[in-house]
Protein chains: 2
Amino acid sequence: MKDGPDISRVAALVGDPARSNMLLALMDGRALTAGELASLSGVTKQTASSHLARLLDGGLVAREVQGRHHYYRLGGADVALALETLLCVSERRNGSRTRTGPRDPDLRRARICYDHLAGELGVLVYDRMISGGLIVDEGSKLTVTPAGWAALDRIDIRPDEIPASRRPLCRTCLDWSMRRHHLAGRLGGQILKTILLKGWVRRVPDSRIIRFSSSGERALMAWLPPQPSPGRNSSGGRVPGRAG
Amino acid sequence: MKDGPDISRVAALVGDPARSNMLLALMDGRALTAGELASLSGVTKQTASSHLARLLDGGLVAREVQGRHHYYRLGGADVALALETLLCVSERRNGSRTRTGPRDPDLRRARICYDHLAGELGVLVYDRMISGGLIVDEGSKLTVTPAGWAALDRIDIRPDEIPASRRPLCRTCLDWSMRRHHLAGRLGGQILKTILLKGWVRRVPDSRIIRFSSSGERALMAWLPPQPSPGRNSSGGRVPGRAG
DNA sequence: TTCATGGTTCGAGGGTAATCGAACCATCAT
DNA sequence: ATGATGGTTCGATTACCCTCGAACCATGAA
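The structure displayed is predicted, hence computed values, not measured ones.

Caption draft 1: Summary view of the nonpolar core. Residues A:Leu74 and B:Leu74 are the most contacted members of the largest nonpolar core, which totals 68 residues. Once residues within four sequence positions are removed from consideration, A:Leu74 is found in contact with A:Leu23, A:Leu26, A:Met27, A:Leu60, A:Val61, A:Ala62, A:Val79, A:Ala80, A:Leu83 and A:Tyr114.

Caption draft 2: View of the sheet that holds strand β3 (residues 69–74) of chain A. All names here are of chain A. Strand order in the open sheet made by the 3 strands is β1-β3-β2, with antiparallel pairing throughout. Two strands lie at the open edges of the sheet, namely β1 (32–33) and β2 (61–66), each paired on one side alone. Both β1 and β3 contribute to a ladder of 2 bridges, which runs antiparallel. Residue pairing across strands places Leu32 opposite Tyr72, the latter belonging to β3. Against the sheet, helix α4 (residues 45–57) contacts β2 and β3, and its axis sits at roughly 115 degrees relative to β2.

Caption draft 3: Here's a closer look at the pairing of strand β2 (residues 61–66) of chain B. Residue and element names in this part refer to chain B. In this sheet, strand β3 (residues 69–74) lies alongside β2 in antiparallel orientation, the contact comprising 6 bridges. Residue pairing in the sheet places Ala62 in a bridge with Arg73 of β3. With antiparallel pairing between neighbouring strands as the criterion, β2 and β3 make up a hairpin whose turn holds 2 residues, including Gly67 at a positive phi of roughly 60 degrees.

Caption draft 4: Layout of the pattern of salt bridges. All chains considered together, the criterion is met by 20 salt bridges over all chains. In this structure, B:Glu217 and B:Arg109 form a salt bridge, with 2.7 Å as the shortest nitrogen-oxygen distance. Taken together, the residues span a long stretch of sequence, with B:Glu217 in helix α10 (residues 214–223) and B:Arg109 in helix α6 (residues 104–109) at a distance of 108 residues. The exposure class of B:Glu217 is partly exposed, given its relative accessible area of 24%. One salt-bridge network, held together by shared partners, links A:Asp153, A:Asp156, A:Arg158, A:Glu161 and A:Lys198.

Caption draft 5: Quick peek at the protein's contact with DNA strand D. If you check the shell around DNA strand D, you find 22 residues, and the closest are A:Gln46, A:His51, B:Thr33, B:Arg68 and B:Tyr72. In DNA strand D, atoms within 4 Å of the protein come from the sugar-phosphate backbone in 70% of cases. A distance of 2.6 Å separates a base nitrogen of DNA strand D from a polar atom in the side chain of A:Gln46. Within the side chain of B:His70, one N or O atom sits 3.3 Å away from a phosphate oxygen of DNA strand D. Counting residues per element, the ones that place at least two in the surface near DNA strand D are α2 (17–25) and α4 of chain A together with α3 (34–41), α4 (45–57) and β3 of chain B. The biggest single contributor to the surface near DNA strand D is α4(A), with 4 residues. Among the residues making up the surface near DNA strand D, the classes are represented as 4 nonpolar, 11 polar and 7 charged.

Caption draft 6: Inspection of the environment of A:Val43 at higher detail. Residues and elements named next belong to chain A. Along the chain, Val43 turns up in the loop between α3 (34–41) and α4. When its relative accessible area of 24% is taken as the criterion, Val43 is described as partly exposed. Val43 sits 25 residues away from Ala18 along the chain, and the two C-alpha atoms are 7.2 Å apart. Residues contacting Val43, with those up to four places away along its chain left out, are Ala18, Met22, Ala38 and Ala48.

Caption draft 7: Focus on the packing of α2(A) against α4(A). All names here are of chain A. Look at α2 against α4: their axes get within 10 Å of each other, and the N-to-C directions meet at 70 degrees. As far as their axial angle goes, α4 and α2 are roughly perpendicular. Read as a crossing pair, α2 and α4 show a hand that is right-handed. From α2, Ala18, Arg19, Met22 and Leu23 reach across to α4, where they touch Ala48, His51, Leu52, Arg54 and Leu55. Partitioning the contact of α2 with α4 into residue classes produces 6 nonpolar, 1 polar and 2 charged.

Parameters at a glance
- The residue count restarts for each chain, going from 1 along the sequence in the order it is written.
- Here chains are named by letter from A upward and ligands by number from 1 upward, in the order in which they appear as written.
- Thresholds applied to this predicted model are a pLDDT of at least 70 for local features of residues and 80 or more for the giving and counting of side-chain atom pairs; totals over whole chains, interfaces and linings are not thresholded and use all residues.
- With hydrogens and water stripped out, all remaining heavy atoms of the structure feed into the side-chain values.
- Nine residue types can take part in a nonpolar core, namely buried Ala, Val, Leu, Ile, Met, Phe, Trp, Tyr and Cys, and a core is a set of them joined through side-chain atoms within 4.5 Å.
- Relative accessible area decides the class of each residue, using a 1.4 Å probe on protein chains only: under 20% of the type maximum gives buried, over 50% gives exposed, and in between gives partly exposed.
- Two residues form a contact once any of their heavy atoms are found within 4.5 Å.
- Two strands are said to pair when DSSP picks up at least two bridges between them.
- Going along the chain from the N terminus, every DSSP run of H or I of four or more residues is numbered as a helix, and every run of E of two or more is numbered as a strand.
- Interaxial angle, 0 to 180 degrees, is taken between N-to-C directions of lines fitted to C-alpha atoms, where a helix line uses only the stretch in contact.
- The salt bridge criterion pairs a side-chain nitrogen of Lys or Arg with a carboxyl oxygen of Asp or Glu, the two atoms within 4 Å.
- If a single non-hydrogen atom of a residue is within 4 Å of a molecule or strand, that residue counts as near it.
- Any N or O atom pair separated by 3.5 Å or less is treated as a polar contact, with the protein-specific requirement of one donor-capable and one acceptor-capable atom, and with residues adjacent in sequence counted only for side-chain atom pairs.
- By the convention adopted, Pro, Cys, Tyr, Trp, Phe, Met, Ile, Leu, Val and Ala count as nonpolar, Lys, Arg, Asp and Glu as charged, and the other residues, Gly among them, as polar.
- Angles are sorted into four bins: roughly parallel if under 35 degrees, roughly antiparallel if over 145, roughly perpendicular if 65 to 115, and oblique for all others.
- Take the far helix as the reference: if the near one is turned anticlockwise from it by less than a right angle, the crossing is left-handed, and if turned clockwise, right-handed.

Right, dumping it as structure tokens:
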């Protein structure tokens, strides 16, 4: 009778408000302590501990113990993706009921999704990289073109500096606010790391929001391939000359 | 404190085994009656009715009344996507614990996801259509190329025959068993409809499984563009010629 | 050692909701 | 009309689990 794995188990884990708040707080990819997660989700330490134990057992979070601090991190990129898709559904269903706070526009503009850039700017980066020929969708996977590596080299991202892992290099992630794809995977993480390091963006404390400095946004736009002209589309898909 | 919409509400709806069974049963895109859903999920009519009312209120399913029969269908493509991603997570987390039944290989091979083709063959169709240049990822969206329309015309799919709606024509959907993309959207639905009509595949009753007839599989392969690289090349992803 | 801090474990209380029996309503067939 | 079938509503029972107070364990500091 059961088709696949027990989907209700993980869904029930996300189904509690306290736990979902914790998970959303971890969406920025940072590892938070149990105490921080407790106060963030509005429950006592004991309750939080119980919830975290369940999340850990279910594999939705991972724990790292440092001294007397227990750091919790999201269980993986797939967990982040699942949360984003759930956000997608929630948004559509009771979106009208939810009042949008003042921070929402910033959140839509640019935010951290697990470890990479999301929001309008995240989608924009992905779009430009695709239309500019820096990455191509080969069906089975996204790959970086030679022109792409050349462009990445200009912001000091080189293949040998991206940590190796079983995780795919490029991946797409569905965007909750835009309902479009943006760049995830190791490369997506590396890009965010880089623009943070370069000071193009800075994080807003205790939130997923990231804010571009005006010079940073200019620098990003200068790095990205320009928007293609609206007329002819990809069949000729040449990499813009400036990139080479 | 709340970032976005109340994600825990929808997650809690999926979090009950009876409800998740119902939702998974609806993943094939068909509309089932309340009674069928009751027996499928293993609860009485009364319980099922209560669950369905909740799902309806949450927008996860839609109801259509015909005579004394109440047909329930999935609330939308985004709901199907969310369920697939949750399947993805569940698979990874407690996949080893779940014993794989005999039907699983068939389910992995080809199944219905909402209204389109999924599984190995679904991914294969998507891959070939991308690598063969029938559809292209323009970043913001997938579009069908002129060559793509010509190919689709050969299996009697024409632009004016695809029902208009706000739903995107082409969309990708993450595959639970393959963890890769396959073709969704209105075009994905139309393709499935077509190959069902042509008798290339037939549905296995009371499941999401679809089975290709041998002639049907040959016909599909004959229609699809051939695989680009000569041998099976799993790791050394070759960039298609025109990107360079 | 002694104290303080961060986390977990235990137990009890309380509320939500899943479940089913029974009754009720609507539709179709005879 | 009368009966049969498909669904929903109501009420009561039951079980789960969320929550927190209190106690307990581990680490770091004085």
